[in-house]
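The chain contents come next:
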Amino acid sequence: MQISGAEIVVRSLQEEGVEFVFGYPGGAVLEIYDAIFKQSAFKHVLVRHEQAAVHAADAYSRSSDKVGVALVTSGPGATNAITGIATAYLDSIPMVIITGQVPTPAIGLDAFQEVDTVGISRPCVKHNFLVKDIAELASTIKKAFYVAKTGRPGPVLVDVPKDVQQALAEFHYPDSVSVRSYVPVTRGHPGQIKKAVNLLLEAKRPYVYVGGGAVLGGASDEVRELVRSLGLPCTNTLMGLGAFPGDDRLNLGMLGMHGTYEANMAMQNCDVLIAIGARFDDRVISVPSKFTAVPKKIVHIDVDPSSIAKRVKVDVPIVGDVKLVLREMLDLLKQTPQRIDADALASWWKQIDDWRAPNSLKYTFSDELIKPQYVVETLYEVTGGKAIITSDVGQHQMWAAQYYKFAEPKQWLNSGGLGTMGVGLPYAMGAQLANPNAQVACITGEASIQMNIQELSTCRQYHIPVKIVNLNNRYLGMVRQWQEIFYGNRYSESYMDALPDFVKLAEAYGHVGFKVEKPSDVEGVLREAFSAKLKERLVFLDFLTDQSENVYPMVGNGKGLDEMDLPAHMRDNGGNAGERDYGNLS
Amino acid sequence: MRHILSILLENEAGALSRVVGLFSARGYNIDSLTVSTTEDPTLSRMTIVTHGSDDVIEQITKQLNKLIEVVKVIDLNESEHIERELMLIKVRATGKDREEMKRMADIFRGRIIDVTEKTYTIELTGTSDKLNAFIEAVDRAVILETVRTGASGIGRGERILKI
Ligand SMILES: Cc1cc2nc3c(=O)[nH]c(=O)nc-3n(C[C@H](O)[C@H](O)[C@H](O)COP(=O)(O)OP(=O)(O)OC[C@H]3O[C@@H](n4cnc5c(N)ncnc54)[C@H](O)[C@@H]3O)c2cc1C
Ligand SMILES: Cc1ncc(C[n+]2csc(CCOP(=O)(O)OP(=O)(O)O)c2C)c(N)n1
Ligand SMILES: [Mg+2]
């Protein structure tokens, strides 16, 4: 029987086992929406802005093993989706975006709501397709899912012109696809794996650097086994948090620009570095020449060859899937009689413990002003460390990363690569729908939350009971921090004036809101928000926090990992943060 | 250093713009680019002449391979290869220049393929260097226009780029 292209789209999504489609209708996708109306296999979530549809679908992927799907119309629908797509692209998140397009005969004629979606999205997708022939529609969707989730994952866009949606064809969904020009490597080269194991066993100052690839590749068990079996020190990137538990002594915490002192010092001074699905980002190693100033041998495991030797030369490149490569390394370690030099490792740990002793994340509690770090710490306790945490972008993001000790992968959702303000709430929505029984909290700032605040309405419609933890410092805090340090306290346009009353705003959308002004109220309010009574409700917690708080440690622009700006209690001479002037703090 | 990359890619709409987009997005150089279908109509073959440090060339190759529609990439510089470019050059051919241009074309093994009272159009193939040398050798004032295809390259002997 022949069915329409729109029905083929819907049937294909069903074949892929899609549970939710996040989207927004418009002229060029009306056919598909009509086909959605007639089915019940998957649910459609009507967001309030296409950017949020893509973020929510992205979060659905980040917090599950499935591929999130977003559906938007042509023209403005597609352009609104771009930020979401680029966000997913930079963090290598698998997802499929379906866009409507003007009818094929109208393409190129500046038709109503026509943009070159394939052209606009090209630099920020793993791949994209314009389907001009209905005969290729089903197989293209199959390919899109396949390409999105294999190899280095990423977003794939399928642009479907309206006449293709209207045309009729038989529906055959292929069981499998192979793309001759796309054959991702999975197994690592055995010779290289052997070299890596030998290098590790000869190390005096080994260090394991775990990135987002370990989360994406589901290799958290293998990472844990490797680190624990040899008693190695390890660190996580912002994207790798949870791949190794945050409360384990072997974990030195996050590294990089706002990493702990010990994590960065160990990164700088190790002699053998095992990089697992981490890409030596500039926010992690800062200046490559400073990073390599202390000679070290580097093993780099990554499924994408172009991630290897991009910023830093490595000694043992291993192209392959982290999970498979680590499995083989672990097997080899069991077979070899050679043992790691225990004395050397003990003195390395002694050095690390010295770095760790002053606790670079220590902050001064205040009875008067709510310290943002204290809110995150209390949230960690109140949720038993088990909540899925999403964040936006800014200081609050860094405090979330530093003070919530993530125990499991996929428990932490944030935009690392693109640093997109506005992801927090839609990420929480996607994560909650993917994990209906989980507690989901969005740690945000008063500026970021306003970038997708309209999604409070979506949360109301679909009863998505996420908890919003707004660390409200009345500043574009991260911008203010840079202006304080690098621009002589000239707080140019970083003050967030004319804020709404967030409690009333939440209530207007039909939710519950609390304003918290005193440190002594923080715990009680958090407990209430997560109590059984409010389990089914979205709760907006507006914490008025200390405006002057900065994120430390910090590796400033052009500085090496061993040249961190440290918090006050670790500073010899006040560093660069001596006398501070907060301008129009009020 | 100058490198000649040979790329086999799916003969599909949009594949070329992905390659070109990659070069501009990542700030790589394209000195010349030629592309056409092969004996297998589903495949195109592209030759890109680029320059950069070894690290940059390594990244270019890796990034090209990452494009879904790229089937294979080789750096012809890695072994012996042949390079050819075609140039059509129109020169003023009057008076004593007429004889001189004929002589120059002969020396460079060019062919005069169009003749008018005042002009010759010369067809010349060779390495890009040879074409440059021809341009250098003739008086700039007599050159009316030039059009070049950009280099095409192929490995010598048994070195074959095929799927
Ligand atoms: C305000 C702000 C501050 C920041 N500060 C910091 C900071 O202090 N510290 C920090 O770490 N980051 C920080 N970041 C994030 C930073 O910008 C990068 O996004 C992040 O460091 C990259 O993480 P990653 O190296 O783990 O790589 P990811 O972006 O997670 O990339 C994953 C890598 O793993 C590979 N991979 C994927 N799947 C597999 C697989 N199955 N097998 C093998 N390999 C695979 C990919 O090819 C890729 O190379 C900050 C971001 C913002 C917005
Ligand atoms: C879409 C977008 N625009 C601008 C920026 C630059 N930026 C990074 S952090 C930040 C301030 C965020 O303020 P807020 O959400 O209040 O968080 P805070 O830093 O105060 O915790 C800005 C403007 C960005 N990351 N994303
Ligand atoms: Mg703020």
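Note that the coordinates shown come from a computational prediction; the quantities given were computed from them, not determined experimentally.

A. Structural view of the overall build of chain A. Tallying secondary structure elements over chain A gives 22 helices and 20 strands in all. Looking at the 586 residues of chain A, the share that counts as buried comes to 61%. Relative to all contacts within chain A whose residues are 6 or more apart in sequence, the contacts with residues 24 or more apart total 77%. Here chain A has roughly 22,300 Å² of accessible surface; of this, 52% comes from carbon and sulfur atoms. Between the averaged position of the 57 positive side-chain charges in chain A and that of its 66 negative side-chain charges there is a distance of 4 Å.

B. Examining the UniProt feature "domain: ACT" (unreviewed entry) in chain B more closely. If you check UniProt for "domain: ACT" (unreviewed entry), the listed places come out as residues 4–78 of chain B in our numbering. Taken end to end, residues 4–78 of chain B comprises 32% helix and 37% strand; its first and last C-alpha atoms sit 9 Å apart.

C. Fine view of the packing of aromatic side chains. All names here are of chain A. Taken as a whole and assessed by the stated rule, the structure comprises 19 aromatic pairs over all chains. Judged by centre distance (5.7 Å) and plane angle (85°), the rings of Tyr146 and Tyr182 are edge-to-face. Of the two residues, Tyr146 sits in helix H6 (residues 137–149) while Tyr182 sits in the loop between strand S8 (168–170) and helix H8 (190–202), which places them 36 residues apart along the sequence. Classification of Tyr146 by relative accessible area gives partly exposed; the value is 22%.

D. Molecular detail of the nonpolar core. All names here are of chain A. Membership of the largest hydrophobic core comes to 67 residues, with the highest contact counts inside it found for Tyr209, Met267, Leu273, Ile276, Phe280, Phe291 and Ile301. Per element, the largest residue contribution to this core is seven residues, and it comes from helix H14 (residues 322–335). When residues no more than four places from it in sequence are discounted, the contact partners of Ile301 are Ala275, Ile276, Gly277, Ile318, Gly320, Val322, Val325, Leu326 and Met329. If you look at the next biggest cluster of nonpolar residues, it comprises 47 residues, including Phe20, Ile85, Leu425 and Ile453.

E. Region of interest: the site of ligand 1. Residue and element names in this part refer to chain A. The full set close to ligand 1 counts 35 residues, and Gly212, Thr237, Arg279, Asp302 and Ser307 are the nearest of them. The side chain of Ser307 places a nitrogen or oxygen atom 2.6 Å from an oxygen atom of ligand 1. One of the backbone N or O atoms of Val322 is found 2.9 Å from a nitrogen atom in ligand 1. Protein chains shield 97% of the accessible area of ligand 1, which is 990 Å² for the free molecule. At three residues, the largest contribution of residues to the shell around ligand 1 is made by helix H9 (residues 212–216).

Definitions and cut-offs
Residues numbered from 1 in each chain as written. Chains lettered and ligands numbered in written order. Predicted model: local features only at pLDDT ≥ 70, side-chain atom pairs only at ≥ 80, totals over all residues. Heavy atoms only, no water. Helix = DSSP H or I, 4+ residues; strand = E, 2+ residues; numbered from the N terminus. Buried < 20%, exposed > 50% of the residue type's maximum accessible area, 1.4 Å probe, protein only. Contact = heavy atoms within 4.5 Å. Areas by Shrake-Rupley, 256 points an atom, 1.4 Å probe, with all protein chains shown as cover. Lys, Arg positive; Asp, Glu negative; His and termini not counted. Charge placed at Lys NZ, Arg CZ, Asp CG, Glu CD. UniProt positions renumbered as here; feature names shortened; annotations may be inferred. Phe/Tyr/Trp six-rings, centres within 6.5 Å; stacked < 30°, edge-to-face > 60°. Core = buried A, V, L, I, M, F, W, Y, C linked by side-chain atoms within 4.5 Å. Near = heavy atom within 4 Å. Polar contact = N/O pair within 3.5 Å; in protein donor to acceptor, adjacent residues only side chain to side chain.

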